[in-house]
2 protein chains.
Amino acid sequence: MAETIRDAGFRATKPRLALFSRLTKTSRPMSIQELAQELAGKVDQVTVYRMIDAFKKAGLVREVHLRGVRPKYELTDPRDDHHHIVCTECRKVEDFVGCGAEKMGKEALRQSRSFAAITGHTFDLYGLCKECITK
Amino acid sequence: MAETIRDAGFRATKPRLALFSRLTKTSRPMSIQELAQELAGKVDQVTVYRMIDAFKKAGLVREVHLRGVRPKYELTDPRDDHHHIVCTECRKVEDFVGCGAEKMGKEALRQSRSFAAITGHTFDLYGLCKECITK
DNA sequence: AACTACTTGCAATAAATTTGCAAGTAGTGT
DNA sequence: ACACTACTTGCAAATTTATTGCAAGTAGTT
Ligand SMILES: [Mn+2]
Ligand SMILES: [Mn+2]
Ligand SMILES: [Zn+2]
Ligand SMILES: [Zn+2]
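All figures in this text were calculated on a predicted structure; none of them were measured in a lab.

Draft legend 1. View of the overall build of chain A. A count of helices and strands for chain A gives 6 helices and 6 strands. Listed N to C, the secondary structure of chain A is α-α-β-α-α-β-β-β-β-α-β-α in terms of helices and strands. With 135 residues in all, chain A has 42% of them scored as buried. Put simply, of all contacts in chain A between residues at least 6 apart along the chain, 43% involve residues at least 24 apart.

Draft legend 2. Local environment of the nonpolar core. Formed by 24 residues in total, the largest nonpolar core has its most connected members in Phe96, Phe123 and Leu125 of chain A together with Phe96, Phe123 and Leu125 of chain B. Looking at this core, the elements that each hand over two or more residues are strand S4 (82-87), helix H5 (101-111) and strand S6 (115-129) of chain A together with strand S4 (82-87), helix H5 (101-111) and strand S6 (115-129) of chain B. Apart from the residues within four sequence positions on either side, phenylalanine 96 of chain A is in contact with His82, His83, His84, Ile85, Phe123 and Leu125 of chain A together with Met104, Ala108 and Gln111 of chain B.

Draft legend 3. Structural context of the coordination of the manganese ion (ligand 1). Residues and elements named next belong to chain A. For the manganese ion (ligand 1), the full set of protein donor atoms is Glu74 (OE), His82 (NE2), His84 (NE2) and Asp95 (OD), and the range of their distances to it is 2.2 to 2.5 Å. In the primary sequence, the donor residues of the manganese ion (ligand 1) line up as E-x7-H-x1-H-x10-D. One end of the pair, histidine 84, is in strand S4; the other, aspartate 95, is in strand S5 (residues 93-97), with 11 residues separating them in the sequence. Of the residues examined, histidine 84 reaches a relative accessible area of 1% and is grouped as buried. Aspartate 95 gets classed as partly exposed once you look at its relative accessible area, which sits at 31%.

Draft legend 4. Quick peek at the protein's contact with DNA strand D. By nearness alone, 19 residues border DNA strand D, and Thr13, Thr47 and Arg50 of chain A together with Arg6 and Tyr49 of chain B come closest of all. The separation between a base nitrogen of DNA strand D and a polar side-chain atom of arginine 11 of chain B is 2.9 Å. Contacts to DNA strand D include alanine 12 of chain B, whose backbone N or O atom sits 3.2 Å from a phosphate oxygen. Elements supplying a minimum of two residues to the surface near DNA strand D: helix H2 (14-24) and helix H4 (45-58) of chain A together with helix H4 (45-58) of chain B.

Draft legend 5. Layout of the pairing of S4 of chain A. Residues and elements named next belong to chain A. Taking burial as the measure, the 6 residues of S4 include 6 buried ones, the bulk of the element. Of the two faces of S4, both are covered, the one formed by His82, His84 and Val86 as well as the one formed by His83, Ile85 and Cys87. The pairing of S4 with S5 spans 5 bridges and is antiparallel. Within S5, the residue paired with histidine 83 across the bridge is phenylalanine 96. Between S4 and S5, which follow one another and run antiparallel, lie 5 residues, and arginine 91 among them has a positive phi close to 70°. As defined by bridge partners, S4 adjoins S6 across 4 bridges and the pair is classed as parallel. Paired with valine 86 across the bridge in S6 is tyrosine 126.

Draft legend 6. Representation of the interface of chain A and chain B within the structure. Counting residues at the interface gives 42 residues for chain A and 42 residues for chain B. Summing the contributions of chain A and of chain B, the shared interface buries around 3500 Å²; its carbon and sulfur component is 59%. The largest per-residue losses of area from chain A upon contact with chain B belong to Met104, Phe115 and Thr122 of chain A, which jointly make up 18% of the total buried on that side. Counting every contact that joins chain A to chain B gives 0 salt bridges. Counting only elements with at least two residues in the side of chain A that touches chain B, the list comes to S4, S5, H5, S6 and helix H6 (130-133) of chain A.

Draft legend 7. Region of interest: the pattern of salt bridges. Residues and elements named next belong to chain A. Within the structure shown, the criterion is met by 14 salt bridges over all chains. Arginine 62 is the salt-bridge partner of glutamate 74, the closest N and O atoms lying 2.8 Å from each other. Remark: arginine 62 occurs in strand S2 (residues 61-64) and glutamate 74 occurs in strand S3 (residues 72-75); sequence separation between them is 12 residues. On the basis of relative accessible area, glutamate 74 is assigned to the buried category, the value being 6%. With a relative accessible area of 28%, arginine 62 lands in the partly exposed category.

Conventions and cut-offs
- Residues numbered from 1 in each chain as written.
- Chains lettered and ligands numbered in written order.
- Predicted model: local features only at pLDDT ≥ 70, side-chain atom pairs only at ≥ 80, totals over all residues.
- Heavy atoms only, no water.
- Helix = DSSP H or I, 4+ residues; strand = E, 2+ residues; numbered from the N terminus.
- Buried < 20%, exposed > 50% of the residue type's maximum accessible area, 1.4 Å probe, protein only.
- Contact = heavy atoms within 4.5 Å.
- Core = buried A, V, L, I, M, F, W, Y, C linked by side-chain atoms within 4.5 Å.
- Donors = N, O, S within 2.8 Å, 3.2 Å for Na, K, Ca; no water.
- Near = heavy atom within 4 Å.
- Polar contact = N/O pair within 3.5 Å; in protein donor to acceptor, adjacent residues only side chain to side chain.
- Pairing = 2+ DSSP bridges.
- Buried area = accessible area lost by both parts, 1.4 Å probe.
- Salt bridge = Lys/Arg side-chain N within 4 Å of Asp/Glu carboxyl O.

Spelled out as structure tokens, the structure:
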């Protein structure tokens with residue numbers, strides 16, 4: 001843990017460990033505000049901004065954009081690229097893996113007259129969870 | 001044009017016509033700031049915020065989230081769901097159509113233990129345009 | 001032309017994010 | 001263990017972005 005942070009080129013300070021630790025404890029991406037609130041008393045909100053920004057640049061954290069809410073952050077999952085499915089009613093968020101992005105990337109390049117390479121993608125699903133769909 | 005706005009339940013005011021008209025003139029989604037700047041002198045920025053919000057709720061406009069920038073807006077295209085491919089170097093944005101989202105939605109539902117239906121999705125590609133890839 | 005509910009502009013407020021800087025600390029070397 | 005120093009942090013202040021209140025203006029109607 002401190003190891004991971006040092007490997008990324010940072011000092012393993014208490015605020016960084018607190019943030020990193022908090023992020024390992026959830027599968028749900030969290031906003032700056034949520035993180036700052038949870039770390040309140042221990043870490044200043046400005047520091048949360050700065051840490052997230054630095055972690056993002058270092059590739060430790062990735063930014064997730066879901067409809068209608070401020071950006072959220074989660075630890076980068078080195079194994080797979082996973083995506084999110086969001087309940088539009090209760091805002092529940094769940095991960096899912098696998099997406100046809102590679103194939104779609106190729107198809108998009110075929111369609112495009114001005115693009116030459118695909119390096120990344122976003123893909124998120126919106127729907128209703130089993131609880132909300134009954135209402 | 002005024003027709004479309006009235007059909008959505010709004011009065012066809014000059015600011016609304018100006019905004020709508022501007023949006024029809026581009027295929028590139030635009031931010032509040034860009035829109036306000038272009039309409040400067042004619043429409044107040046607060047009004048841009050309010051119009052975009054109302055148009056969004058009415059389904060005339062949709063919000064597009066691309067990495068690292070504030071939300072952008074474009075006219076809803078009722079015919080197809082189109083997506084965006086963004087050059088990470090020069091920020092060029094191009095549309096592309098068709099995406100395996102329906103299929104992926106079904107696969108995601110199969111994977112999920114708590115979701116029951118898919119109602120929407122986002123999908124965007126990032127890459128390099130032909131000009132930027134040479135550098 | 002008069003009426004009225006819907007809209008707009010402008011100022012003020014609130015919320016989100018960034019910046020400056022002195023004080024604090026992790027990692028390094030002694 | 002102690003000192004050294006570059007990297008970090010907290011706190012206040014400044015910016016930027018977004019929302020709200022309200023009097024004045026206007027589209028659509030009678
Ligand atoms: Mn996730
Ligand atoms: Mn588009
Ligand atoms: Zn739900
Ligand atoms: Zn480019």
